[in-house]
2 protein chains.
Amino acid sequence: MAKAGTPSTVTPGGSARAVETRRLLVEAAITTLKEDGYAGASARAIAARAGSNQGLIFYHFGSVANLLLAALDAVSDVRLAHYGAAVERAGSVGSLGDFVDAARAIFQEDLDAGYVTVLVEMIAGASATPGLGVEVAARLGPWTDFTRQAIEQAWGDAPLGAVVPATDLAYGVVALYLGLEMLSHLEGDRAPAMALFSHAAQLAGLLSALSGVQSRKDVP
Amino acid sequence: MAKAGTPSTVTPGGSARAVETRRLLVEAAITTLKEDGYAGASARAIAARAGSNQGLIFYHFGSVANLLLAALDAVSDVRLAHYGAAVERAGSVGSLGDFVDAARAIFQEDLDAGYVTVLVEMIAGASATPGLGVEVAARLGPWTDFTRQAIEQAWGDAPLGAVVPATDLAYGVVALYLGLEMLSHLEGDRAPAMALFSHAAQLAGLLSALSGVQSRKDVP
DNA sequence: GTCTATACTTGGATAGAC
DNA sequence: GTCTATCCAAGTATAGAC
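Since this is a predicted model, take the numbers as computed values, not measurements.

## Comments concerning the overall build of chain A
Here comes step 1: When you go through chain A residue by residue, the secondary structure sums to ten helices and zero strands.
Here comes step 2: Within chain A, the proportion of its 220 residues that are buried is 45%.
Here comes step 3: Counting only contacts in chain A whose residues sit at least 6 apart along the sequence, the fraction spanning at least 24 positions is 68%.
Here comes step 4: Only carbon and sulfur atoms are counted for the fraction: they give 57% of the accessible area of chain A, which is about 10100 Å².
Here comes step 5: Of note, chain A has its 15 positive side-chain charges centred 7 Å away from the centre of its 22 negative side-chain charges.

## Looking at the confidence of the model for chain A
All names here are of chain A.
Here comes step 1: Per-residue pLDDT for chain A averages 89, and the proportion of residues at 70 or more is 90%.
Here comes step 2: Within the model, the stretch residues 1–8 combines pLDDT values under 50 with ten contacts to residues more than four positions away or in other chains.
Here comes step 3: Under a pLDDT of 50 for its full length, residues 213–220 has, in the predicted model, six contacts with residues more than four places off or in other chains.

## Thoughts on the pattern of salt bridges
Residue and element names in this part refer to chain B.
Here comes step 1: Considering all chains together, one arrives at 18 salt bridges over all chains under this definition.
Here comes step 2: The closest approach of N and O atoms between arginine 23 and glutamate 20, which form a salt bridge, is 3.1 Å. Placement of both arginine 23 and glutamate 20 in helix α1 (residues 16–36) is noted, with a separation of three residues, approximately one turn of the helix.
Here comes step 3: Residue classification places arginine 23 among the partly exposed residues on the basis of a relative accessible area of 44%.
Here comes step 4: In this structure glutamate 20 comes out as partly exposed when scored by relative accessible area, which is 35%.
Here comes step 5: Close ionic contact of arginine 79 with aspartate 110 constitutes a salt bridge, the shortest N to O distance being 2.6 Å. Taken together, the positions of arginine 79 in helix α4 (residues 64–93) and aspartate 110 in helix α5 (residues 96–113) put the pair 31 residues apart, joining distant regions of the chain.

## Some points on the protein's contact with DNA strand D
Here comes step 1: What surrounds DNA strand D is a group of 18 residues, the closest being Arg44 and Gln54 of chain A together with Gly13, Asn53 and Leu56 of chain B.
Here comes step 2: In the model, a phosphate oxygen of DNA strand D is placed 3.1 Å from a nitrogen or oxygen of the alanine 18 of chain B main chain.
Here comes step 3: Here a phosphate oxygen of DNA strand D sits 3.4 Å away from a polar atom, N or O, in the side chain of tyrosine 59 of chain B.
Here comes step 4: Broken down by secondary-structure element, the contributors of at least two residues to the surface near DNA strand D are α2 (43–50) and α3 (55–61) of chain A together with α1 and α3 (55–61) of chain B.
Here comes step 5: Per-class residue counts for the surface near DNA strand D are six nonpolar, ten polar and two charged.

## With respect to the packing of aromatic side chains
All names here are of chain B.
Here comes step 1: Following the criterion strictly, the structure yields eight aromatic pairs over all chains and no others.
Here comes step 2: Relative to tryptophan 143, the ring of tyrosine 83 lies with its centre 5.7 Å away and its plane at 80°, an arrangement referred to as edge-to-face. Here tyrosine 83, found in helix α4, pairs with tryptophan 143, found in helix α7 (residues 132–155); they are 60 residues apart in sequence, far enough to count as distant. Tryptophan 143 shares its class with tyrosine 83; the two are buried.

## Digging into the relation of the copies chain B and chain A
Here comes step 1: Superposition of chain B onto chain A requires a rotation of 180° combined with a translation of 0.0 Å along the rotation axis, giving an RMSD of 0.1 Å. What the superposition gives is, in effect, a two-fold axis relating one chain to the other.
Here comes step 2: Here 100% of the contact residues of chain B are again contact residues in chain A; the copies associate through an equivalent surface.

## Some words on the interface of chain B and chain A
Here comes step 1: Tallying the contact residues gives 45 residues for chain B and 45 residues for chain A.
Here comes step 2: Our count for the chain B to chain A interface comes out at zero salt bridges.
Here comes step 3: Between chain B and chain A we count ten residue pairs in polar contact (both at pLDDT 80 or more) in total.
Here comes step 4: Taken together, the elements giving at least two residues each to the side of chain B that touches chain A come down to α1, α6 (115–125), α7, α8 (160–163), α9 (166–187) and α10 (191–210) of chain B.
Here comes step 5: Of the residues forming the side of chain B that touches chain A, the biggest block, 16 residues, is contributed by α9 of chain B.

## Some details on the protein's contact with DNA strand C
Here comes step 1: Inspection of the region around DNA strand C gives 19 residues, with Ser15 of chain A together with Ala43, Arg44, Gln54 and Phe58 of chain B positioned closest.
Here comes step 2: Among the atoms of DNA strand C close to the protein, meaning within 4 Å, 51% are from sugar or phosphate groups.
Here comes step 3: For DNA strand C, a phosphate oxygen lies 3.4 Å from a polar atom in the side chain of threonine 21 of chain A.
Here comes step 4: In this structure, a phosphate oxygen belonging to DNA strand C sits 3.3 Å away from a side-chain N or O atom of histidine 60 of chain A.
Here comes step 5: Contributions of two or more residues to the surface near DNA strand C are made by α1 (16–36) and α3 of chain A together with α2 (43–50) and α3 of chain B.
Here comes step 6: Tallying contributions element by element places α3 of chain A first for the surface near DNA strand C, with four residues.
Here comes step 7: Grouping the amino acids of the surface near DNA strand C by side-chain chemistry returns six nonpolar, eleven polar and two charged.

Criteria and thresholds
Residues numbered from 1 in each chain as written. Chains lettered and ligands numbered in written order. Predicted model: local features only at pLDDT ≥ 70, side-chain atom pairs only at ≥ 80, totals over all residues. Heavy atoms only, no water. Helix = DSSP H or I, 4+ residues; strand = E, 2+ residues; numbered from the N terminus. Buried < 20%, exposed > 50% of the residue type's maximum accessible area, 1.4 Å probe, protein only. Contact = heavy atoms within 4.5 Å. Areas by Shrake-Rupley, 256 points an atom, 1.4 Å probe, with all protein chains shown as cover. Lys, Arg positive; Asp, Glu negative; His and termini not counted. Charge placed at Lys NZ, Arg CZ, Asp CG, Glu CD. pLDDT = per-residue confidence, 0-100. Salt bridge = Lys/Arg side-chain N within 4 Å of Asp/Glu carboxyl O. Near = heavy atom within 4 Å. Polar contact = N/O pair within 3.5 Å; in protein donor to acceptor, adjacent residues only side chain to side chain. Nonpolar A, V, L, I, M, F, W, Y, C, P; charged D, E, K, R; others polar. Phe/Tyr/Trp six-rings, centres within 6.5 Å; stacked < 30°, edge-to-face > 60°. Least-squares fit on C-alpha atoms with pLDDT ≥ 70 in both.

In structure tokens:
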């Protein structure tokens, strides 16, 4: 997303200075969303963190909401690329447990960096600003798409895929991911969420053992 | 929660008029959180909806945040009571599938009424207001406690309880619930979430059939 | 083209009239 | 106990300086 062809933000100039200013503002917007939430992400708060003037937000992005969307785009780009690499590594092995482990590692990174907090805050904050909801929803698509692909890859020819469509499950996995991030962030304690991943890994092992066919793991 | 002994809000007077004013404000706060989110829940917006003066919020509750917490308390009380009744009904039957059905019905009600939106908005908005996080976290306890009890009841002596502790699973179920509400609310479409419940019901039936022992369902 | 200064609006909170 | 009037801080947005 955030390709040159379909810009979500009006970008007046392409000079080195302008690009750097926008980069600083986007960085500051991400940090502000992480630490102060959507309700605390005002033009003044973001600009102060970026060390620049608050008027620049409106010059470069047109509105605070547009800057926040640009921040969401930036986070999506960097995270999805990273997710893809992690799942490809797990895919080369192929067992369900490896995928759960990969998800666990990614989740831990996300909590540390607060990336998903940005997404959660944008979703929750969308109701406050008219028209923002559809924009955020559009940016959620790649996340669910990616999750669906990862699930299809993880399943292989496992029998579970017949009873629960990957699309539906992907929706649930994303929802769970967002919920876990919310709770962990609220309570400042990631232990319960991490415990769940451990149990999921156990169940994954149990499931693949139970299914009899050790789905194409023997192929090097 | 929200007992008389540990009031989260300072309530100056107990006259019939004062009580009614507070009730109106709490109602309006709930509606505002549902429709405009935490970021849109200003004193003026809430007071306008309640048809009363903005200053009354500070007189009766001390701050906007306190009013929002009172709103969360009100929602928690009414919903947990309802949840309890629904699970008791399902408990008298005792199969896992009945519990999933009960959860499905409750979830649909919550989406219609927007009750969980209030909780989600408070959790997401908590980062904006210092000190609000711990208050919201404290009010989340009953929800996870209730979920844990429902899970223990649903499992009975099923073998799954040994591998995944009810406490951990309850945490995940609450997280999933919050996430599903967020996504459904964002996209204005509950179909994907409802589809998940259908699949869960299927799996529940499959699981109880697979476990051989049809855990104490034959006892009327 | 880029940024600063300023205008104007809304929000939280209180003091005093009723 | 309730409402109006008001203060000031913080918010969005633009007009004009560089």
